[in-house]
Amino acid sequence: MFGGDVLAVLTIRKLPDPILTQKAKRIRHIDKELLKLADDMLETMHDANGVGIAGNQVGILQQIAVIQLTDEDEPLILINPEITMREGERHVEEGCLSIPGYRGLVRRSLKVKLRALDKKGKLLRIEAEELLAQAFEHETDHLNGKLYIDHLVSRDKLWKIPPDSAE
Ligand code: NI
């Protein structure tokens, strides 16, 4: 957290909000405002019981995403993230904070490599499998204006879930 600023829970944009289908812009400067945004995004994600959230989803068209799979993991702040390698394919269940009340079966990679800047501007290269790979693909998709429903195994593989289920 940054210098005693109060964290804010931001409004999560939901379908059919057009911002979810727009491409986020590359970030050129990492400044105090951006770091505050990253902290607020983490707060918003935790508040919604999510494991990742991207700029578009909080109304900011900049290439920033945060991911934290479990309480034990360090939160990842990813600036200008790009998938540089994908390998294999698997079918996996997925949900999204911007599409509440639904889950779907999607095609994802077995393994990915991601390149991004961290909050200090340092280049990160991370190789990931399973849930982390899925989160990398899901969040970089958001920044490219794509949603998991673009990757459904088939059109009928989207179903409703009870309103209070975790994402
Ligand atoms: Ni999402």
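Described in the following lines is the structure provided in the data block.

Reading the values: the criteria
- Residues numbered from 1 in each chain as written.
- Predicted model: local features only at pLDDT ≥ 70, side-chain atom pairs only at ≥ 80, totals over all residues.
- Heavy atoms only, no water.
- Helix = DSSP H or I, 4+ residues; strand = E, 2+ residues; numbered from the N terminus.
- Rg over C-alpha atoms; globule rule 2.2 N^0.38 Å.
- Buried < 20%, exposed > 50% of the residue type's maximum accessible area, 1.4 Å probe, protein only.
- Pairing = 2+ DSSP bridges.
- Axes fitted to C-alpha atoms, helices over the stretch in contact; angles between N-to-C directions.
- Contact = heavy atoms within 4.5 Å.

Further remarks concern the overall build of the chain. Counting secondary structure elements, the chain contains two helices and eight strands. Traced from its N-terminal end to its C-terminal end, the chain shows the element sequence α-β-β-β-β-β-β-β-α-β. Relative to the globule expectation of 15 Å for 167 residues, the C-alpha radius of gyration of the chain, 15 Å, shows essentially globular dimensions. Taken over the C-alpha atoms alone, the chain extends approximately 45 × 35 × 30 Å along its principal axes. Considering the chain as a whole, with its 167 residues, one finds that 43% of them fall into the buried category.

Read from one edge to the other, the open sheet built from five strands follows the order E1-E2-E3-E6-E7, with strand pairing classed as antiparallel. Every other strand in the sheet has two partners, leaving strand E1 (52–54) and strand E7 (123–129) as the edge strands with one partner each. On average, each strand axis in the sheet is inclined to that of its neighbour by 35°, with strand direction left out of account. Across four bridges, the pairing between strand E2 (residues 64–67) and strand E3 (residues 76–87) is antiparallel. Bridge assignment links valine 66 to a residue of E3, and that residue is isoleucine 77. Sheet strands in contact with helix H2 (residues 130–143) are E1, E2, E3, strand E6 (111–117) and E7, and its direction is about 110° off that of E3.

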